[in-house]
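Working through the structure, step by step
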Amino acid sequence: MSDAFVSLQNLSLAYGKTVVVPDLNLDIRKGELIALLGPSGCGKTTTMRAIAGLMSLHGGSISIDGIDMSRTPANKRGIGLVFQSYALFPHLNAFENVAFGLRLKKLPKSEIASGVEAGLNTVGLSHLADRKPAEMSGGQQQRLSLARSLVMQPKVLLLDEPLSNLDARLRLEMRTELQRVQRDTGITMVFVTHDQSEALALADRIVLMKDGLIEQLGTPDDLYNRPETAFAADFFGFENIFNVSGSIITGPQGSAPINFKAVDGHLAWRPGAIKIGNGSHQGTVRGVAFAGEQREYVIDCQLGQIKASVSADEPAHEIGTSIAFDLPKAGALSILVT
Amino acid sequence: MTSTWTSRIIIGLTLTFLIGPFFIIIAAGLSAGDFLAFPPEGLTLKWYIKVFEVESFRDSFALSMFLAVFGTIAALMLGVPAAYALSRYKIPYGETIKTVVAAPIIVPGIIVGLALLRYLVVPLSFTITLALFLAHTALVLPYAVRVVSSSLNNLRSDMEEAAVLLGCSRIGAFFRVVLPNIQSGVLAAFILGFVTSFNQVPVSLFLSGPGVRTLPIDMLSYMEITYDPSVAALSALLAFMSVVIVFVAEKFLGFSRYV
Ligand SMILES: Nc1ncnc2c1ncn2[C@@H]1O[C@H](COP(=O)(O)OP(=O)(O)O)[C@@H](O)[C@H]1O
Ligand SMILES: [Mg+2]
């Protein structure tokens, strides 16, 4: 409670009678870069719109810096939102897009001009001040949208899938850019993403959401190495998940013994943790894909399908050949069922 | 081969029926004889000049202009907010409202005119001019709502939310970001409304009184007395005005997108 800057308490959100976020509790610290991560449709955008004040609460409360904002109108909250679609003003050029909010504050002309210049400079768009959004690339529009929010010096900046409309190279570039802007400005940021690698790379803490509920909250290290639920494990790359009871694991097709003792619940392996070539399990290669440094196998076995990935230096196994593999104790993630 | 010829003939016929009358009117207005005639009997420009000398034409032209301009402006002042509300908010019975707003397009104008005369002008002793103004506003309103709606539907609503988050009120966002982006739709609605109102006959038929007539009605009554080619000349001038307006609108606005 003590260091919460943004605090969501028992937040519930609904469209008409359909509740999409039943009960959300979340404390965000000042200056933190937090990621809302989850599959499409889990309520990330809805939560963000509620924080911004664009949607009324079905229940619970939102407070910022200790002040209850649940009923404060969106234009009085001092929160910035970078829309997934950028939502730039098509009739205004880059300069005027960024100046929009400053003009509403009725700042003196010189202050507006210097503010806008600094804003455009931060995102590297000074040379395009006269361009209309339609004359800019996706990445430039994205940065313009960011600048437009940043110059308002919001208490919290929300970003809805800020990188998802960009191509792969630009996405990496913007990632670093976002991180730099956050370091430079120290603004508390919440960004939405459905891409775990983006969340891992950028966030101080990750909120993993599922069906409007928090599945797990923690540092990237926590979520990547110590997912606490089968859903979280699957989301962070433990693609081989089985039920375990005693020394027997059970997959969708059937059961098999393992050669170590595990706590009852789930056992999960990343594809890279599975050894192939020898071991106590037997299967048939169903698919093989070359992925540069790795070769990725799909193997049919009595448990169901297994995904394994091994160094491409190892000799390849043809589709249809039978193969031995091992589910080693090292690299096995144990998940307790609560 | 055959099908190209068939389509050429069809296009030719269509154009003849659409544009042919226009040329007949221009020619008839140039006729030197004292009566409306086609083909023209000799050529003269005197009827085109006479049009500007007939006093009742000048008065009724002024009235028609007034109705077309201010009736359309009034229709837009009602229609733009209505279209905005219909497109952005879930309004109870929104669909019904749309149908009702479109009613003047469906109901024959002559009935609207009669109804206004019977229930407004006579019992409430409205002046004819006021009744005409109301009638033309109502007549143009459906076009205003429709044309503006279609340009609003092309405008993403998250822009308005962005404006609100930057400090605008909802109404402020409408004026600062919605209106500038539907400008050409509003202008297109104005032009369509203007032309519709200006050329309107049936609604205005019942709404005329001593010295108060719209131009088309005035032309009708002029023809009952005088059958000279000046009416053809005037028609040609009016048709030319409409064509120029629509042509300019198409060139600068891409007018046909909206209608
Ligand atoms: N305007 C809306 N009306 C009704 N349901 C909606 C609306 N927007 C989103 N939803 C529903 O709410 C749920 C959460 O949506 P959203 O917050 O957009 O998810 P996310 O951003 O995580 O993909 C989804 O099931 C979606 O279908
Ligand atoms: Mg979303």
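Above this text you will find the structure in question.
Anyway, here's the lowdown on the structure attached to this text. (Residues numbered from 1 in each chain as written. Chains lettered and ligands numbered in written order. Predicted model: local features only at pLDDT ≥ 70, side-chain atom pairs only at ≥ 80, totals over all residues. Heavy atoms only, no water.)

Some remarks on the overall build of chain B
Helices and strands together make up the secondary structure of chain B, namely 11 helices and zero strands. Going residue by residue from the N terminus, the α and β elements of chain B occur as α-α-α-α-α-α-α-α-α-α-α. Restricting the contact set of chain B to residue pairs at least 6 apart, pairs at least 24 apart contribute 70%. Surface exposure of chain B reaches about 14100 Å², of which carbon and sulfur atoms provide 72%. Side chains of chain B carry 15 positive and 13 negative charges; the gap between the two charge centres is 12 Å. (Helix = DSSP H or I, 4+ residues; strand = E, 2+ residues; numbered from the N terminus. Contact = heavy atoms within 4.5 Å. Areas by Shrake-Rupley, 256 points an atom, 1.4 Å probe, with all protein chains shown as cover. Lys, Arg positive; Asp, Glu negative; His and termini not counted. Charge placed at Lys NZ, Arg CZ, Asp CG, Glu CD.)

Quick notes on the pairing of strand β1 (residues 4-15) of chain A
Residues and elements named next belong to chain A. Of all 12 residues that make up β1, nine are buried, and the element is covered over most of its length. Note that β1 and strand β2 (residues 18-29) share eight bridges and pair antiparallel. Among the inter-strand pairings, S7 is bridged to a residue of β2, identified as D27. Remark: two residues form the turn of the hairpin made by β1 and β2, two consecutive strands paired antiparallel; G16 in that turn has positive phi of roughly 60°. As judged from the five bridges shared by β1 and strand β4 (residues 59-64), these two strands associate in the antiparallel manner. Counterpart to S12 in the pairing with β4 is G59. (Buried < 20%, exposed > 50% of the residue type's maximum accessible area, 1.4 Å probe, protein only. Pairing = 2+ DSSP bridges.)

What about the interface of chain B and chain A?
Facing 16 residues of chain B, the contacting portion of chain A comprises 19 residues. Here chain B and chain A share an interface that buries about 1600 Å² over both sides, 69% of which is from carbon and sulfur atoms. Taken as a group, E161, L165 and L166 of chain B account for 43% of the area that chain B buries against chain A, more than any other trio of residues on that side. Here chain B is connected to chain A by five residue pairs in polar contact (both at pLDDT 80 or more). Those elements that place two or more of their residues in the side of chain B that touches chain A are α7 (158-165) and α8 (170-198) of chain B. Here the side of chain B that touches chain A is built from residues that sort into nine nonpolar, three polar and four charged. (Buried area = accessible area lost by both parts, 1.4 Å probe. Polar contact = N/O pair within 3.5 Å; in protein donor to acceptor, adjacent residues only side chain to side chain. Nonpolar A, V, L, I, M, F, W, Y, C, P; charged D, E, K, R; others polar.)

Regarding the environment of G59 of chain A
Residue and element names in this part refer to chain A. Here G59 is to be found in strand β4. Sequence-wise, G59 and D23 are 36 residues apart; in three dimensions their C-alpha atoms are separated by 8.4 Å. With near-sequence residues (within four places) excluded, G59 lies in contact with N10, L11 and S12.

Digging into the site of ligand 1
Residues and elements named next belong to chain A. All residues in the neighbourhood of ligand 1 are listed as Y15, V20, P39, S40, G41, C42, G43, K44, T45 and T46. Residue C42 places a main-chain N or O atom 3.2 Å away from an oxygen atom belonging to ligand 1. One nitrogen or oxygen atom from the main chain of G43 is found 3.1 Å from an oxygen atom belonging to ligand 1. The protein chains hide 55% of the 560 Å² of surface that ligand 1 would expose on its own. Element by element, the count of residues in the shell around ligand 1 is highest for helix α1 (residues 44-52), at three residues. When the residues that make up the shell around ligand 1 are grouped by side-chain class, the tally is four nonpolar, five polar and one charged. (Near = heavy atom within 4 Å.)

As for the sheet that holds strand β10 (residues 213-218) of chain A
Residues and elements named next belong to chain A. Strand order in the open sheet formed by six strands is β6-β7-β8-β3-β9-β10, with mixed pairing between adjacent strands. Only two strands of the sheet have a single neighbouring strand rather than two, namely β6 (79-82) and β10. Ignoring strand direction, the axes of neighbouring strands in this sheet form an average angle of 20°. Taken together, the five bridges between strand β3 (residues 33-37) and strand β8 (residues 188-193) define a ladder with parallel strand orientation. Its bridge partner lying in β8, L37 is registered against T193. Packed onto the sheet, helix α5 (residues 168-185) meets β3, β7 (156-160) and β8 and runs at close to 160° relative to β8. (Axes fitted to C-alpha atoms, helices over the stretch in contact; angles between N-to-C directions.)

Here we look at the sheet that holds strand β19 (residues 333-335) of chain A
Consider a sheet: its strands pair through backbone hydrogen bonds, and that pairing is either parallel or antiparallel. All names here are of chain A. Pairing is antiparallel across the open sheet formed by five strands, whose spatial order is β13-β12-β11-β14-β19. Because the sheet does not close on itself, it has two edges, and the strands there are β13 (255-257) and β19. In this sheet, neighbouring strand axes are inclined to one another by 35° on average, regardless of whether the strands run parallel or antiparallel.

Some details on the packing of aromatic side chains
Here the structure, examined in full by the defined rule, presents 14 aromatic pairs over all chains. For the ring pair F235 of chain A and F236 of chain A, a centre distance of 6.2 Å and an interplane angle of 55° mean the geometry is tilted. By relative accessible area, which is 18% here, F235 of chain A ends up buried. Taken together, a centroid distance of 6.1 Å and an interplanar angle of 55° make the contact between F22 of chain B and F23 of chain B tilted. F22 of chain B sits in the partly exposed class, given a relative accessible area of 21%. Here F23 of chain B falls in the exposed class, since its relative accessible area comes to 53%. Feature note: the residues F61, F190, F194 and F198 of chain B constitute an aromatic cluster, connected by ring pairs. Cation over ring: R148 of chain A sits above F89 of chain A, and NZ or CZ is 4.6 Å from the ring centre. (Phe/Tyr/Trp six-rings, centres within 6.5 Å; stacked < 30°, edge-to-face > 60°. Lys NZ or Arg CZ within 6 Å of the ring centre and 35° of its normal.)

Description of the nonpolar core
Counting residues in hydrophobic clusters, the biggest one holds 129 residues, and the most contacted among them are F89 and L158 of chain A together with V148 of chain B. Here the element with the most residues in this core is α8 of chain B; it accounts for 13 residues. Ignoring sequence-local partners within four residues, the contact set of F89 of chain A consists of N97, F100, P133 and R148 of chain A together with M159, A162, A163, L166 and V177 of chain B. Counting 23 residues, the second-largest nonpolar core is a separate cluster that includes F242, A262, A273 and F325 of chain A. (Core = buried A, V, L, I, M, F, W, Y, C linked by side-chain atoms within 4.5 Å.)

Some remarks on α7 of chain B
Of all the eight residues making up α7 of chain B, eight are buried; the element is thus mostly covered by neighbouring parts of the structure. Every buried residue of α7 of chain B is listed here: D158, M159, E160, E161, A162, A163, V164 and L165 of chain B. On its buried face, α7 of chain B sits against α1, β6, α2 (94-104) and α4 (138-150) of chain A together with α3 (55-88) and α8 of chain B. Positioned one or two residues after α7 of chain B, G167 of chain B has a phi angle of 115°, which is positive.

As for the side chain of T44 of chain B
With respect to the helices and strands, T44 of chain B occurs in the loop between α1 (2-29) and α2 (46-50). If near-sequence neighbours (up to four positions away) are discounted, T44 of chain B is found in contact with G29, L30, S31 and A32 of chain B.

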